[in-house]
Each structure stands twice: as C-alpha cells, then as structure tokens.
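Residue strings, one per chain:
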Amino acid sequence: MSTPPHPWWKSATVYQIYPASFLDANGDGTGDLAGIIAKLDYLKNLGVDVIWLSPIYRSPLADMGYDISDYEDIDSRYGTLEDWDRLLEGAHTRGMKLMMDLVVNHTSDEHAWFTASKSSKTDPKRDWYIWRPGKVIDGKEHPPNNWKSVFQGSAWERDPATGEYYLHLYVSKQPDLNWDNPTVRSAVWDVMRFWVRRGCDGFRMDVINIISKTEGLPDAPLVDHTQYYQPASMYFANGPHVHKYIKQMHTEVLSHHDLITVGETPFTHEASELAAYVLPQNRELNMVFHFELMDIDSPSESPLLKKSWTLSELKAIVGRWQRFMRDDGFWNAVFIENHDHARSVSRFGNDSAQWRAVSAKMLAIFEITQTGTLYLYQGQELGLMNFPRTWGIEEYKDVASQNYWNLIKEQRQKAQGKEEVEMSDLLDSFALKARDHARTPMQWNASAHGGFTTGTPWMRVNDDYPEWNAEQQIADETSVHAFWKRALKVRKAHDVLIYGDFVMLLEAHEQVFAYMRNYGSTSALVLLNFKEGKVEVDLKEAVGGIAGYAFVLGNYENEEIGLEAKVVLRDYEGRVYVREALLN
C-alpha cells in the first residue's frame, strides 16, 4: 500500500479558545489576549498544536464578536494588534500555530462599509450589502420576503433613511455582505492577506456555506404555522455560486500559503453537498465542520430544545463520516464541543458526581480514535459540565437563548391572554442545550471566580469551580486533564488512529460502540461503553481475531488489561488496543 503524503494539519490537535471566557489578565471581567499569552505553556503541555481564536476583532458584541466593525484591528476589550503579535510569537516559539476566525458572511452594522452602504441609495458601497424594497400586501408594507432570522423574527430590517430593507440572516446588527459583488470578494481577500502577512497560520470560516443566496430571494415554504416568518436555509445554504467564490478564495489567497482551513457548514447534512467543499481536486477547503452529530439531540423547531437519541443513531452518523470518500481525499474535522453547543459530558456522557470524570474520559477516547483533524474546546480537557438548572434566565447571556425565550414567552402570553405564563419547561431545555454552557469562564483554580478574573466576570463561573478546576487536575494523575494529555500522546504515537480505515463492530449493540482501525500492517481496536452498567461483548466479529493486541489506553486504570474474546466493560469504560504486523 502506498502511503499518501500527510499535510501537517491532518495530525494536528486544535484547541479552540473563546477569548472572553479564557483568562482575564487585567481584572475588567473579560478574558483577553494577555490572559491567553499567560497560558501558552499550559496549552503546549496539554499537547496542543494549533490555537484557534474565536473572534477578537473590533466589535459592538451584539453576537459575542461575530459582528465585526473592523477586520484589521483587535477589540480593546481583548488588547491590541501588538498583543496579538506577542501571542503569535509566543505560540510559534513553542512550536504551536495560530488560526483566526474569519467571519465574512456578514459584518457589524457599525462597520464603515455598512455605514457608507446605508447612507444613500447611490453610495458606491450600497451594493456591498443586500438591499431590497418592501412588498405591499393588502395595503400594508412587509419585508421583501418571509425569511426568518436564525435568531428569530424577520431576516430583514427596514432602514428609515432610505426606506429599504437590508438582509441579516442573524441579528439585525449583522447585515449580510453581498458576495455577488466582486469588489466585496476582493475586500475579503484583502482581509485574509492582512492576517496571513502578519503571521496567521489559517482560518476557521464562520457559516461559509451561506455566502451565496438564491437569485430572486424567493419566499420560503410555510412549515411553521405559528408565525409569518419561515426558516429559509434552502435558499441561502450551499447557494448557486458558493463553490465558485470559495474556489476564487483558494486561487487568490489560500493556494499561496501552507494554511489550515476549516469551513463551518450549518443547515447541511447531505454528504455530497459537504464533500464539494473538501475534496482536494476541488481546491476549496481542507475540511468542514458539519453538524449531523451535534444535531442528534435537537428537534427541528430549535437546537435549544432536546430530543432523545440512540447509540445506533450516533454510530450510524460517525461510521458514515469516518468511511466517507476516503479514497478521494475527503477529510473530517473531529469535534464534540464548541462555543455553540452545551458541554459534551452533559450531553453525551453522564455529569453526575459518580460518572462525570469516567464518562468524560470515555468521550476523550471516542474523539482521539477517529480519522480527521482533532478539535478540542476550552474546558473540555477538564470535563467541564453544564451549569445547574437552578440558574435563572438572567444568567443566560447568549442572544440565541434570550431571543428564543422572548419569542416563546410572547406566543404564550398571546395564546393565554395574560402576562404571567409558565416557562419552566423552556428553562429545563436550556439547562441541557443552551450555547451559554460553553461560555462560562474557565475554571483555573479554587480562588474567587475560579481564578478567571480578579474583577466581576462578564458571565457567572459555574458553581463547581472550588473542587473542579485546572490547578487541582494538573496535580492529579487520575484527572480528566491528565487523561486528555495521555490520550493526545497515544493518538500522536499511532498513525492508525489518525489515518486508518474504519470498520464497525457490534453494529446493532445499544450500549457499546466498538470499531477497528487499520493502516498498513497496524490495527487498532476501540471499545466504548456509552452507558451506566456493566456489559459483556463478544469480539468474534473482530477481523483477524484478537491475538497480538496490546492495551494502549483505558479510562479506568493504566495497567495492562489483556484482550479476551469476551470482554466485560464497566460503566462508561473505554479501551484502545493496538496490534502491529502479525508475524507468521
């Protein structure tokens, strides 16, 4: 078997930092670049290769920095461009790379481009954004179409100065750029070149699959009878020119540098749609974040609500993507947490006191044994969990949570004809699913506010920080942090875990996820008990029998556990075995 060349980013461990919540060095309550610089040794020691920063550009923070008012400056809350240069130098000196979050589907309404665009219908930047006149129905003016914003309400905002509406697929302070205008695309390439010239090693591209809208912007079909505005992703996700534009980005910018690129591709589970962004011959991106696994417990109405899922469903999704178009060069982004999702130990593991650490370690094994570039979110390496159900709605800072709460509250008030309506069921859902859980400040030690700040934190620190924090875990060889550090070393030591094929075992089993990985003459066997309760499994399905396998990682203890044909897995137990070439 010929070994294909492997770019550096395939075996990389990428660590996502949500800067506002990482570490506050100046005591103003918000994390900053100086705080990140102070923890570079912590990240290097964990085994991180690439640091990805969620947006730190100048921003009014209508959506936590995903509304950018200046792409070529750092928001003063986080520091200065000189601080960024120091961070980059510190990362590079330690052999780590730094990637930026590129948010170019939309800007802030306070960006100079939009200020000019809305100033008059004849301004040269008018068509840098998507402006349309309203439509009159029964003598009343309505927005240009019935598209619903991702964050509720109309996706259009009327500007009183010119009497026209601008499109904002997210909040009204995030107007969408008009990518059909070649001057806009050139401006985006210039932004990218600015950061690459400064030393940036790559980009995570926010909602990059929605930059091309269907021509004519037609009304969305009626699927939600409770409101006028309808979900319209069929008219803006994976639109008619999206691949033309990303290919142009590749030609103009990406192809000239050795960068890591990952595109965020929401609203899309169709494999062939996603493959088009990634297959090497298409010359677009290295990989994408798709959300089929992350959507497994979300009903169609909202990702803030919860539906039950089965292990069979999870296996089917993971197995399909692990095997998908391997020979054509498709490459996965492996992740189970980010800033837009609740904590993985609370969603996919068991965050009770008894099983939290064990199940968090099991999920670590699940992550490090999959093909793809591995992404770790801040606090995941500590097994941080959702904050408690006892917290009130006032603790939920996220615009998505607040807007959805207000929408449902208004609907209930209208339906029941009274101000005071029961909302505890929605708080039950938020306690499980809200994005806010990923955004509580990092828990560094047992001092006030978990050592995150000496001031008042912008968001409350989870209540468990006195006993669940980085300082305590670094000193404990049996901690989740110690396990992640060991697991990342095991992944790096065994190419089979990064590049091997994927063979599902025990496919119908509703408690155990078992699979083999094969690469050249090496095989790996992964056993994961996803539930509470012991379980016996028979490995007669294992290809080539079970002889010759050596134990390399387990979440119960470090000593060797031999492999028998029948294996008893304890509650949430995970094990990895590796077999080198069998000698005749």
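Conventions and cut-offs
Residues numbered from 1 in each chain as written. Predicted model: local features only at pLDDT ≥ 70, side-chain atom pairs only at ≥ 80, totals over all residues. Heavy atoms only, no water. UniProt positions renumbered as here; feature names shortened; annotations may be inferred. Pairing = 2+ DSSP bridges. Helix = DSSP H or I, 4+ residues; strand = E, 2+ residues; numbered from the N terminus. Phe/Tyr/Trp six-rings, centres within 6.5 Å; stacked < 30°, edge-to-face > 60°. Buried < 20%, exposed > 50% of the residue type's maximum accessible area, 1.4 Å probe, protein only. Axes fitted to C-alpha atoms, helices over the stretch in contact; angles between N-to-C directions. Parallel < 35°, antiparallel > 145°, perpendicular 65-115°, else oblique. Left-handed = near helix turned anticlockwise from the far one by under 90°. Contact = heavy atoms within 4.5 Å. Nonpolar A, V, L, I, M, F, W, Y, C, P; charged D, E, K, R; others polar. Expected span 1.5 Å × (residues − 1). Core = buried A, V, L, I, M, F, W, Y, C linked by side-chain atoms within 4.5 Å. 1 Å grid on protein atoms, 1.4 Å probe; cavity = no way out; pocket = protein on both sides within 12 Å on 5 of 7 lines; lining within 4 Å. Points joined across faces, edges and corners; volume = space filled by probe spheres on them. Salt bridge = Lys/Arg side-chain N within 4 Å of Asp/Glu carboxyl O. Polar contact = N/O pair within 3.5 Å; in protein donor to acceptor, adjacent residues only side chain to side chain.

As recorded in an unreviewed UniProt entry, the protein goes by the name Glycoside hydrolase family 13 protein, listed as coming from Suillus luteus UH-Slu-Lm8-n1. Taken verbatim from the UniProt record of the protein, the Sequence similarities (unreviewed entry) comment is "Belongs to the glycosyl hydrolase 13 family."

Across the sheet, eight strands lie side by side as S13-S12-S11-S5-S2-S1-S15-S14; this open sheet has parallel pairing. Each edge of the open sheet carries a strand with a single partner, namely strand S13 (287-289) and strand S14 (333-334). Alignment of strand S12 (residues 260-264) against S13, held across three bridges, turns out to be parallel. Across the sheet, the residue bridging to Val262 is Met287, located in S13.

Moving on: the packing of aromatic side chains. According to the stated counting rule, one finds 42 aromatic pairs in the structure shown. Between Tyr42 and Trp444 the ring centres are 5.0 Å apart and the planes differ by 80°, which places this aromatic pair in the edge-to-face class. Taken as a pair, Tyr42 in helix H2 (residues 40-46) and Trp444 in the loop between helix H12 (424-433) and helix H13 (470-474) lie far apart in primary sequence, 402 residues in all. Its relative accessible area of 10% is what places Tyr42 among the buried residues. Note on Trp444: relative accessible area 4%, which makes it buried.

Turning next to the UniProt feature "domain: Glycosyl hydrolase family 13 catalytic" (unreviewed entry) in the protein. When the UniProt feature table is mapped onto this chain numbering, "domain: Glycosyl hydrolase family 13 catalytic" (unreviewed entry) sits at residues 16-439. A distance of 12 Å separates the end C-alpha atoms of residues 16-439, which is 30% helix and 13% strand.

Our focus in this paragraph is the pairing of strand S18 (residues 522-529). Most of S18 sits inside the fold, with eight of its eight residues counted as buried. Direction of pairing for strand S17 (residues 512-519) relative to S18: antiparallel, over a ladder of eight bridges. Considered in S18, the bridge of Asn518 is made with Ser523. Hairpin geometry of S17 and S18 is characterised by an intervening segment of two residues between the two adjacent antiparallel strands and by a positive phi of about 60° at Gly520.

Here the focus is the sheet that holds strand S10 (residues 164-167). A sheet is described by the order of its strands in space; here three strands give the open sequence S6-S10-S9, paired in antiparallel fashion. With one partner strand each, in any of the chains shown, strand S6 (131-133) and strand S9 (156-159) form the two edges of the open sheet. This sheet shows a mean twist of 35° between the axes of neighbouring strands, independent of strand direction.

This brings us to the packing of helix H10 (residues 356-368) against helix H14 (residues 480-493). Between H10 and H14, the shortest axis-to-axis distance is 10 Å and the interhelical angle comes to 15°. By the angle between their axes, H10 is roughly parallel relative to H14. Judged by the sense of rotation from one axis to the other, the crossing of H10 with H14 is right-handed. From H10, Ala357, Ala360, Lys361, Ala364, Ile365, Glu367 and Ile368 reach across to H14, where they touch Val480, Phe483, Trp484, Ala487, Leu488 and Arg491. For the contact of H10 with H14, a count of residues per class yields ten nonpolar, no polar and three charged.

On to helix H8 (residues 311-323). For an α-helix the count is 3.6 residues per turn, leaving residues at separations of three or four pointing the same way. End to end, H8 covers 18 Å across 13 residues, agreeing with the expected 18 Å (1.5 Å per residue, within 8%). Inspection of H8 places Leu311, Leu314, Lys315, Ile317, Val318, Gly319, Trp321 and Gln322 among the buried residues, and these make up the whole buried set. Backbone geometry just downstream of H8 places Met325 in the positive-phi region, at approximately 45°.

Attention now goes to the nonpolar core. Among the nonpolar cores identified, the biggest contains 144 residues, and Leu53, Trp84, Trp195 and Phe366 are the most heavily contacted of them. With nine residues, the top contributor of residues to this core is helix H5 (residues 182-198). Sequence-distant contacts of Leu53, defined by excluding residues within four places in its chain, comprise Ile17, Leu33, Ile36, Trp84, Leu87, Leu98, Met99, Met100 and Asp101. Core analysis: the second largest hydrophobic core is formed by 19 residues, Ala155, Trp156, Leu167 and Tyr170 among them.

Tallying each qualifying case throughout the model produces five cavities of 30 Å³ or more. The computed volume of the largest cavity comes to approximately 190 Å³. Forming the walls of the largest cavity are 15 residues, and the residues nearest its centre are His290, Leu293, Trp321, Ala333 and Gln370. Elements supplying a minimum of two residues to the lining of the largest cavity: H8 and S14. The leading source of residues in the lining of the largest cavity is H8, at four residues. Of the residues in the lining of the largest cavity, the class split is nine nonpolar, four polar and two charged. Looking at the second largest cavity, its volume works out to about 70 Å³. What lines the second largest cavity is Glu337, Ser344, Val345, Ala360, Leu363, Gln380, Gly383, Leu384 and Trp484. Taken together, the elements giving at least two residues each to the lining of the second largest cavity come down to helix H9 (344-347) and H10. Partitioned by chemical class, the residues of the lining of the second largest cavity number five nonpolar, three polar and one charged.

Quick look at the pattern of salt bridges now. Pairs can form between side chains of opposite charge once their charged atoms are near each other. One pass over the full model with this rule turns up 36 salt bridges. Lys135 is the partner of Asp219 in a salt bridge, and the nearest nitrogen-oxygen pair spans 2.9 Å. Note that Asp219 is positioned in the loop between strand S11 (202-205) and helix H6 (242-252) and Lys135 in strand S7 (residues 135-137), a separation of 84 residues in sequence. Between Asp297 and Lys433 there is a salt bridge, and its shortest N-O distance comes to 3.4 Å. With Asp297 in the loop between S13 and H8 and Lys433 in helix H12, this residue pair connects regions lying 136 residues apart in the sequence. Each member of the pair, Asp297 together with Lys433, is buried.

So, on to the side chain of Asn145. Residue placement: Asn145 occurs in the loop between strand S8 (140-142) and S9. Within the structure, the side chain of Asn145 is placed 3.0 Å from the backbone nitrogen of Trp147, a separation counted as a polar contact. Among all residues touching Asn145, those that are not within four sequence positions of it are Lys135, Trp156, Leu217, Pro218 and Asp219.

Viewed as axis vectors pointing N to C, helix H3 (residues 81-93) and H5 meet at an angle of 55°, and their least axial separation amounts to 11 Å. Taken as axis vectors, H3 and H5 run oblique relative to one another. Contacts from Leu81, Glu82, Trp84, Asp85 and Leu88 in H3 reach Phe194, Trp195 and Arg198 in H5. Of the residues that constitute the contact of H3 with H5, the class distribution is five nonpolar, no polar and three charged.

Counted residue by residue, strand S22 (residues 574-579) has six buried out of six residues, so it is predominantly covered. Burial of S22 is two-sided: the residues Gly574, Val576 and Val578 facing one way and the residues Arg575, Tyr577 and Arg579 facing the other way are all buried. Examined bridge by bridge, S18 and S22 share six bridges and lie antiparallel to one another. By the bridge assignment, Ala524 is partnered in S22 with Val578.

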